[in-house]
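These are the residues of each chain, in order.
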Amino acid sequence: MPPRPLPAARRFGARTAAVLVTGALAAAVMPPAAEAAAVLVTHPTAYVDPLIGSSNGGNTYPGATLPYGMIGWSPTSTRGDQTSTGAANGYDYGTTRLRGLSLTHVNGAGCNPGAAGDVPIMPFVGDVTSSPSADTKDAVYAANFSHDNERAVPGRYTVGLDNGTTADLAVSRRAGVADFSFPAGKPANLLFRVSNSLNGSEDAQVDIDTAHRKVTGSVLTGAFCGRRANGGTNNRKSYYRLYFSASFDRDFSSTGTWKDGTLAPGATTGSGGEGYATGADRAGRGSGGWVGFDTSAGTDVHMRIGISYVSLAGAEANLKEEVAPHAGVDDVAAAAQRTWDRELRSVRTGGGSTAQRTTFYTALYHSLMQPNLISDTDGRYPGMDGAPHRVKRGQGAQYSNFSGWDQYRAQIQLLALLKPEIAGDFAQSLYNFAQQNGGVWDRWVHINGATHVMTGDPTAATLATFYAMGVRNFDYEGAYESLARQATVPVDDGLSDAGCPGQCTGQRPNLAQYLKSHYAPQDVCHCWGGAAETLEDAVADAALGRWAELLGRGEEAKSFKERGGWWRNVFNSAATDGAGTTGHIQARNLDGSWVTPFAPGSDRGFAQGTSATYTWMVPQDVQGLAEAMGGRDTAAKRLDGFFHKPDGSWSVKGGDALRYDPTNEPGIHAPWLYNALGRPWKTQATVREILDTVYGTGPGGLPGNDDLGTMSAWYVFSALGLYPQTPGTATMLLGAPLFPNAVIGRPHGKDITISAPGADATHPYIDAVKVNGRISDRSWTDSRLVTRGGSMAYRLSEEPNTGWATAPSGLPQ
């Protein structure tokens, strides 16, 4: 379905006789804060649908997990290839056959098979007569299911399989419980496919203790995105071992293990990995074990399980600490719901439709699924050096799973705003990893592994943002110094092409040349793309400059802020699109020449995007970008063309290399650039169009990879009428709220209240705004709203107010 044209009342420029609302007039007509206050949501879990994003490339997973949880118990699906799944991260709504319920998952990572999916546990009806690893097509030891027999809610997942079994799962943060129901009178077995992680494994172990009704084991794995072509074998490596301990409420009637094609009925120990290849290169390999149950004595089996990245003892201690000895699925699920309700009440909305509340709270749910715990209840965790460590006093826990290139644009800002203590622990966790990794801050950290995925230096942007937004519970002086060193001192890895493109080892590739050229030369950059690397580093350096300034490091602030302007060195004012528009971001060679041939729709010199998208990726200097394009008027007209087809209809759903792509990160800030160009009503119209047509309910409700909550965080901010201006600041850009009322809870300070009584489908524009009771003619707020709390009161209108927040002196930079 093509994008629908804008209704007459919403077309840009429709209000030709705009009224500039003065302070006196606005004060007279702004509604009282308490007027028409909608009832705030008290049980937000009632509106969460974990299946949103499970198709359309969203790559979410529906299984049981808690906020920041270690365990994410969810299906591993199959399309008839045991070395692959239905989609990245193990689940796709359109694939209704599964081979197990795996203990760990990553939310929304964009490559297939993604990461984790450790230890699939499969309820199987029938005798185990052959090795499950030899079932390479998943023809025997897998089962179909119908979505009619599937239910997912925060902290609980239930599915009925066509083989007659039902699995009901609920979790704490590091442990879980399950009820498995088998058909009466038939052989009932649980298969522990210990080697069958999504990316494969180097080794795995299973041990069955019949006397104590326990199954324990581990898997040595890693290899995030291990089979993607552009990373080659650079990332096909082990970097973590997951341990598990499962105990049962009844005796085993049979046991057995397998390795590769060999079955060992009656055995109680087994081992063997699968390798990290795929298809025929891996098929038929692996190990596992099974336990059987006598259904004549009852058809239900209750299991308790704990996991750990440190040791088997850690897994058992985590289970003991988090799940009471006789707690059932209902008990654990009820506790999970309370936990999720508490977290999601960080933002209480009032009004809106049921569909809007469902979309909003599911987006908030996905945003707060990460970072993920990797430390045990005793504080021990695996370091990036491969050795066990313990969190130090003052740090609550060690967290991981940092999709930096994605998250630094929206998700980390939401985390800092709503959960500053978690943000601080996360910042300290990343600093701990860097100290264990020779001072290198990896851009995509999974568990305790440096995966090198993507480009730029997103950790610098992330921690600078945390500090700017008031997060202080981490060693910010030490972290700053370490990140500044990474940005200024070249290392040998920066000259390596290992893993390039996509997973280049160097975190500041060819830094010595970058510091000399003031851009990343395409022909010697040792990076994914020279133009993209330059833009990413400029954003990171600008953020470091702001951080240095807040820390009182004036000379360093000046230097990094200057480097934040190096984006100009890859802006070619003569580059043309062939239709008369000149001025684009373009890659350059070492000798200064522009990389040719050039076309705005080309991705040469870029990472997962085109010049048309990356040309707008200068959030730290929008006024400078506009000047380079010929002024704000020219830039605004060009931005119109980024969101609209030549006939004026919307183009915001992706699929056009020359226009906005809501499915990937480099351009997701672009709808908010109109604020700095003096046309905030266009931000309001564009954001509302995206909220209404790109996001929604149902499995296809996300535009693309959720990327560890990033796309969901974009929705949360946009629905609240706020958006982070640029990394390294606490400044928020203003848009029109979707809900009449909202309260953003701040754990240790004054809440942020948002009142917009006229918010509905017919009032997408801002007519006037009060900030803390005072009329504001700015389309942005300074850091005080985020760091101190306050109130926002909106009067919304059906037509755009083309005079509000347009004065050049009051525009965001």
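Worth saying up front: this structure is predicted, and the values here are computed from it rather than measured. (Residues numbered from 1 in each chain as written. Predicted model: local features only at pLDDT ≥ 70, side-chain atom pairs only at ≥ 80, totals over all residues. Heavy atoms only, no water.)

Caption draft 1: Representation of the environment of Val-119 within the structure. Within the secondary structure layout, Val-119 lies in the loop between β3 (97-102) and β4 (121-125). Here Val-119 falls in the buried class, since its relative accessible area comes to 0%. Put simply, Val-119 and Ser-218 are 99 residues apart on the chain and 8.2 Å apart in space, counted from C-alpha to C-alpha. (Helix = DSSP H or I, 4+ residues; strand = E, 2+ residues; numbered from the N terminus. Buried < 20%, exposed > 50% of the residue type's maximum accessible area, 1.4 Å probe, protein only.)

Caption draft 2: Summary view of the sheet that holds strand β28 (residues 722-724). The antiparallel open sheet is built from 3 strands, whose spatial order is β28-β29-β34. Edge strands, defined here as strands with exactly one partner in the open sheet, are β28 and β34 (780-781). In terms of strand pairing, β28 meets strand β29 (residues 732-734) through 3 bridges, oriented antiparallel. Residue pairing in the sheet places Tyr-723 in a bridge with Leu-733 of β29. (Pairing = 2+ DSSP bridges.)

Caption draft 3: Layout of the environment of Lys-653. Along the chain, Lys-653 turns up in the loop between α15 (632-643) and α16 (680-693). On the basis of relative accessible area, Lys-653 is assigned to the partly exposed category, the value being 37%. Between the C-alpha atom of Lys-653 and that of Thr-596, which follows or precedes it by 57 residues, the distance is 29 Å.

Caption draft 4: Representation of the state of the cysteines within the structure. For the coordinates displayed, the defined rule picks out 2 disulfides. Across a sulfur-sulfur distance of 2.0 Å, Cys-500 and Cys-504 are joined as a disulfide pair. Linking Cys-500 and Cys-504, the disulfide has an S-S dihedral of approximately 140 degrees and is accordingly described as right-handed. For Cys-504, a relative accessible area of 3% gives the class buried. Note that Cys-525 is cross-linked by a disulfide to Cys-527, the S-S spacing being 2.1 Å. Linking Cys-525 and Cys-527, the disulfide has an S-S dihedral of approximately -95 degrees and is accordingly described as left-handed. With a relative accessible area of 4%, Cys-525 lands in the buried category. (Disulfide = S-S within 2.5 Å.)

Caption draft 5: Focus on unusual backbone geometry. Omega for the bond connecting Gln-370 with Pro-371 falls within 30 degrees of zero, at 10 degrees, which places this linkage in the cis form. Within the element layout of this structure, Pro-371 appears in the loop between α4 (354-367) and β19 (372-373). Here the bond from Thr-596 into Pro-597 is cis, since omega is -5 degrees, no more than 30 degrees from zero. Residue placement: Pro-597 occurs in the loop between β27 (582-585) and α13 (611-614). A positive phi angle is found at Asn-89, which is not glycine, with a value near 70 degrees. Here Asn-89 is to be found in the loop between β2 (72-77) and β3.

Caption draft 6: Just the confidence of the model for the chain, in detail. When pLDDT is averaged along the chain, the result is 94, and 95% of the positions lie at 70 or above. Counting interchain partners and residues more than four positions distant, the pLDDT-below-50 stretch residues 1-29 has 62 contacts. Every residue in residues 32-36 is under pLDDT 50, and counting partners more than four places away or in other chains gives 4 contacts. (pLDDT = per-residue confidence, 0-100. Contact = heavy atoms within 4.5 Å.)

Caption draft 7: Molecular detail of the packing of helix α7 (residues 420-436) against helix α8 (residues 458-468). Interaxial distance between α7 and α8 falls to 10 Å at its minimum, and their mutual angle equals 145 degrees. Relative to α8, α7 is oriented so that their crossing is left-handed. Residues Ala-423, Phe-426, Ala-427 and Leu-430 of α7 lie in contact with α8, whose contacting residues are Thr-459, Leu-463 and Phe-466. Among the residues forming the contact of α7 with α8, the class breakdown is 6 nonpolar, 1 polar and no charged. (Axes fitted to C-alpha atoms, helices over the stretch in contact; angles between N-to-C directions. Left-handed = near helix turned anticlockwise from the far one by under 90°. Nonpolar A, V, L, I, M, F, W, Y, C, P; charged D, E, K, R; others polar.)

Caption draft 8: Representation of the packing of aromatic side chains in the model. All told, the structure shown has 35 aromatic pairs when counted by the stated rule. A ring pair is formed by Phe-642 and Tyr-660, whose centres lie 6.2 Å apart and whose planes are at 80 degrees; its orientation type is edge-to-face. With Phe-642 in helix α15 and Tyr-660 in the loop between α15 and α16, this pair connects stretches of sequence that are 18 residues apart. You'll find Phe-642 and Tyr-660 in the same group, each marked buried. Ring-pair connections join several aromatic residues into one group, and the members of that group are Trp-672, Tyr-695, Trp-714, Tyr-715, Phe-717 and Tyr-723. The ring of Tyr-519 has Arg-588 sitting right over it, with the charged end atom 5.0 Å from the ring centre. Sitting over the face of the ring of Trp-780, Arg-778 holds its NZ or CZ atom 3.9 Å from the ring centroid. (Phe/Tyr/Trp six-rings, centres within 6.5 Å; stacked < 30°, edge-to-face > 60°. Lys NZ or Arg CZ within 6 Å of the ring centre and 35° of its normal.)

Caption draft 9: Representation of the environment of Ala-38. Tracing the backbone shows Ala-38 in the loop between α1 (23-29) and β1 (64-65). Among the residues examined, Ala-38 registers a relative accessible area of 21% and is labelled partly exposed. For the pair Ala-38 and Pro-757, spaced 719 residues apart in the sequence, the C-alpha separation amounts to 8.2 Å. Excluding residues that lie within four positions of it along the chain, Ala-38 makes contacts with Gly-350, Gly-351, Pro-740 and Asn-741.

Caption draft 10: Geometry of α8. Of all the 11 residues making up α8, 11 are buried; the element is thus mostly covered by neighbouring parts of the structure. Within α8, burial applies to Pro-458, Thr-459, Ala-460, Ala-461, Thr-462, Leu-463, Ala-464, Thr-465, Phe-466, Tyr-467 and Ala-468. Following α8 by one or two positions, Gly-470 adopts a phi angle in the positive range, close to 100 degrees.

Caption draft 11: Focus on the pairing of strand β10 (residues 203-209). Every second residue of β10 is oriented toward a common face, the buried set being Ala-204, Val-206 and Ile-208 and the non-buried set Asp-203, Gln-205, Asp-207 and Asp-209. Here β10 runs beside strand β11 (residues 214-222); their pairing, made up of 7 bridges, is antiparallel. Note that in β11 the partner of Asp-209 across the bridge is Lys-214. Here β10 hands over to β11 after 4 residues, with Arg-213 in that stretch at a positive phi of 55 degrees. Examined bridge by bridge, β10 and strand β15 (residues 269-271) share 3 bridges and lie antiparallel to one another. Counted as the bridge partner of Gln-205 is Ser-271 from β15.

Caption draft 12: Region of the structure containing the pattern of salt bridges. Evaluated as defined, the whole model comprises 27 salt bridges. A salt bridge links Asp-640 to Lys-682, with the nearest nitrogen and oxygen atoms 2.8 Å apart. With a gap of 42 residues between them, Asp-640 in helix α15 and Lys-682 in helix α16 connect regions that are remote in the sequence. Several salt bridges share partner residues, and in doing so they unite Asp-457, Arg-508, Asp-537, Asp-541 and Arg-563 into one network. (Salt bridge = Lys/Arg side-chain N within 4 Å of Asp/Glu carboxyl O.)

Caption draft 13: View of the sheet that holds strand β18 (residues 347-350). Taken together, the 6 strands give an open sheet; going across it, the order is β18-β30-β31-β35-β32-β33, and neighbouring strands pair in mixed fashion. Every other strand in the sheet has two partners, leaving β18 and β33 (774-776) as the edge strands with one partner each. Each strand of the sheet is rotated relative to its neighbour by a mean of 20 degrees, with strand direction disregarded. Across 4 bridges, strand β31 (residues 752-755) lies against strand β35 (residues 790-797) in parallel orientation. Pairing of Ile-754 across the sheet is with Met-792, part of β35.

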